[in-house]
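Commentary on secondary and tertiary structure
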Amino acid sequence: MHKNEVNLANDETSPLDTSPNALEPSNAGLVEDNYKDEPPWFKRLFTRFKAFTESLQKRPKTLLILLSVFLLILLVAYLFYGLLADVFDYRATGDEFYLNILRFSLENRYPTIFAIIIVAVCVGYSTVIFQTVTGARILTPGVLGFENVYMFIQTALVFLMASQFVGVVYVLEGNANYAFSVVLMVIFSLLVFLPLLTRGSKGVFILLLVGIILSTLFASLTSYMMLLIDPNDFDIIQGRMFASFTNPNLSVMIGATVAAVLAILFTPSTRVLDVLSLGRENAIGLGINHKIVVLRILVIVSILVAVSTVLVGPIMFLGLLAANLAYQLIKNFRHKYTIPAAILVAAIFVALGQFLIYHIVTMQMQLPVIINLVGGVYFIFLLLRERKKSA
Amino acid sequence: MFEIKNVTKAYGTRKVLDNVSLTFPTGKITSLVGSNGAGKSTLLSVMARFLKQDSGSVYFEGKNINEYKNSEIAKKVATLRQNNTINIRLKIRELVAFGRFPHSRGRLNKDDEKIIDRALEWLSLTHMQNKFIDQLSGGERQRAFIAMIIAQDTDHILLDEPLNNLDMKHSSAIMRTLRDFVDQTQKTIIIVVHDINCAAGYSEEIVALKDGKLVLQAPANEIMQESVIGEVFDVKCKIVETGGRRMCVYHNV
């Protein structure tokens, strides 16, 4: 054992260390020769940038602050883009007209900011804790097709009730409909998640299989009902289908916020989550009541997913993108860093996309299209990298 | 003190544990031996609450283990399972610090840090405590996990095949460490091992299982007889005595 120690201690220094003095001058000469003519500016910039990011990884708090500042700038830019002229004009002329434009534009834009923040919190938070429980980094509640269940519930409600009892649908508007959908989604997800509770990470494959099959089933049932439905009733569904960040479902905003906050308050502490990421057996050995904690987390995940789906509709790949980019940025396993990082990355991504769509291409595109395009490509990249790792 | 009473566990129709009853001694190393599929790991998993038995019960210090709170029993029993793969990236010291979780719930104080230091010292990991787990060799990784178990500072330690995939040098070093640890601290270690010579060389007590049934519980030197080992493992073997110790030769006999 002792010999081993000595060897390892030596390994840490360079193997060329046998005669450091003899080697040094020639080495120095080599380096100088290489850099005699200046390296191109972009190369220098790149090395400097790399050193900067590496130093940031040792200080996750600074990284989080930088991300928040960046997000704040984006959100402010989104709010006031193209309105500065009106502010100046109002100050110069004192004409109420400019003030009204300003007020009107801001009233149009601030719900988006609200939606971005709530959705980013829901998606970032739920994806990270879900991945901790499953131990799989390419799995997200979105990929499992939770959103299909939401659409199924909405369509089934209209399909079953609209034709006979028109009143019922209108009763089931807003918060009531929302609460009803959340409860159904929680029940569904618990059924799908059951194998995880008893088998730990071995249940992931079953979960994936059951999830994909069920989500396809729900998607086809939904489109079948849509075919049969009265066109007037279909309007109601369409309204719920195409909720977006530009036009979030404001009637449920307060209920959604309350549900999300309650759910997050109910999660186990980040320190317990850290232990969970060691796997089921280690967590049990360290005194965690695995079954109860996992059940709690899965209920919370389904509430959060339901909240974000109700607010802005399905965005399949956002969680995957946010969580994995956050892990890569933070390079620290502790949830007190990875969760806020994932939330910030999700918010930055949506804010960037929304800025692009609302201000630059002026609604020629839909945000989920962009996010799913980028997220899908990233998903393939992750799959390839995982395969390389295991090979 | 662990007491197993009539524990049965079946997968489908195959009984992996068949009405096993025994009492483990304290303050000693007890080896669980038997051929593949004899039920050693299953028994340990039941004791560690990873698996639920179909019938029978496990008592710890006179109380059924199901009546303990998880957080309570984690201060008394530490378990290392087989094949530890972790898919998060963390340093040796951070892993060992997890061993303090049952006591500090993740908020480490000075005493915790001292206990972590001592656990690292026991496994000779102090000089490399800032290395990442995924950069370690199999032996170093196993040592890191054992250090976590030792940092948990429990009176009872359950180890499920900690010598799996380790070469002679590393497995003997780990067993030596465990032996010294028990001699100095009087803690109880229950360990699943494959190699009968290893079990006899380092432990006081041997428990042998065969086809899910308890076939033998005896002091280590008593099991080292050709007839006994032949029955437990279904092999032809020869016992040779060298340096006052009995060794079992079973290759090409």
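See the structure printed just above.
Here goes a summary of the coordinates provided.

All right, on to helix α16 (residues 318-330) of chain A then. Residue and element names in this part refer to chain A. Taking 1.5 Å per residue as the helical rise, α16 with its 13 residues ought to reach 18 Å, and the 18 Å between its terminal C-alpha atoms agrees with that figure. Burial within α16 is extensive, with 10 of its 13 residues counted as buried. Among the residues of α16, Leu318, Gly319, Leu320, Leu321, Ala322, Ala323, Asn324, Ala326, Tyr327 and Ile330 are the ones counted as buried. Of the residues flanking the end of α16, it is lysine 331, one or two places downstream, whose phi is positive at about 50°.

Moving on, we come to the interface of chain A and chain B. Contact residues are listed per partner, giving 25 residues for chain A and 36 residues for chain B. The interface formed by chain A and chain B includes one salt bridge. Between B:Arg81 and A:Glu281 there is a salt bridge, with its nearest N and O atoms 3.2 Å apart. In this structure, the connection of chain A to chain B is made through six residue pairs in polar contact (both at pLDDT 80 or more). Put simply, the parts of the chain that give the side of chain A that touches chain B at least two residues each are α1 (2-12), α13 (270-276) and α14 (280-285) of chain A. Take the side of chain A that touches chain B: its biggest share by element is five residues, from α14(A). Across the side of chain A that touches chain B, the residue classes tally to nine nonpolar, eight polar and eight charged.

Walk down a regular strand and you will see the side chains alternate between the two sheet faces. Residue and element names in this part refer to chain B. Side chains Val77 and Thr79 of strand β6 (residues 77-80) all project onto a buried face; the interleaved residues Ala78 and Leu80 project onto the opposite face, where all are buried too. Here β6 runs beside strand β7 (residues 156-160); their pairing, made up of four bridges, is parallel. Within the sheet, the bridge partner assigned to valine 77 lies in β7 and is histidine 156.

This paragraph deals with the pairing of strand β2 (residues 14-23) of chain B. Residue and element names in this part refer to chain B. In terms of strand pairing, strand β1 (residues 2-11) meets β2 through six bridges, oriented antiparallel. Residue pairing across strands places valine 7 opposite valine 20, the latter belonging to β2. Taking the residues between adjacent antiparallel strands as the criterion, β1 and β2 are bridged by two residues, where glycine 12 takes a positive phi near 65°.

With that out of the way, let us pick up the packing of helix α7 (residues 146-161) of chain A against helix α15 (residues 290-312) of chain A. All names here are of chain A. Taken N-terminus to C-terminus, the directions of α7 and α15 make an angle of 60°; their axes are 10 Å apart at the nearest point. Between α7 and α15, the crossing angle belongs to the class labelled oblique. Note that α7 runs across α15; the crossing there is right-handed. Note on element contacts: α15 touches α7 through Ser302, Val305, Thr309 and Val310, opposite Phe146, Glu147 and Tyr150. Among the residues making up the contact of α7 with α15, the classes are represented as four nonpolar, two polar and one charged.

It is worth spelling out the sheet that holds strand β10 (residues 213-219) of chain B at this point. All names here are of chain B. Pairing within the open sheet is mixed, and its six strands lie in the order β6-β7-β8-β3-β9-β10. Bordering the open sheet on either side are β6 and β10, each of which pairs with just one other strand. Strand-to-strand twist in this sheet, taken as the mean axis angle between neighbours without regard to direction, amounts to 15°. The pairing of strand β9 (residues 205-210) with β10 spans six bridges and is classified as antiparallel. Looking across to β10, one finds that valine 207 is bridged to glutamine 217. In this fold helix α10 (residues 226-233) packs onto β3 (29-33), β9 and β10, with an angle of close to 45° to the strand it touches most, β9.

About the thresholds
Residues numbered from 1 in each chain as written. Chains lettered and ligands numbered in written order. Predicted model: local features only at pLDDT ≥ 70, side-chain atom pairs only at ≥ 80, totals over all residues. Heavy atoms only, no water. Helix = DSSP H or I, 4+ residues; strand = E, 2+ residues; numbered from the N terminus. Expected span 1.5 Å × (residues − 1). Buried < 20%, exposed > 50% of the residue type's maximum accessible area, 1.4 Å probe, protein only. Contact = heavy atoms within 4.5 Å. Salt bridge = Lys/Arg side-chain N within 4 Å of Asp/Glu carboxyl O. Polar contact = N/O pair within 3.5 Å; in protein donor to acceptor, adjacent residues only side chain to side chain. Nonpolar A, V, L, I, M, F, W, Y, C, P; charged D, E, K, R; others polar. Pairing = 2+ DSSP bridges. Axes fitted to C-alpha atoms, helices over the stretch in contact; angles between N-to-C directions. Parallel < 35°, antiparallel > 145°, perpendicular 65-115°, else oblique. Left-handed = near helix turned anticlockwise from the far one by under 90°.

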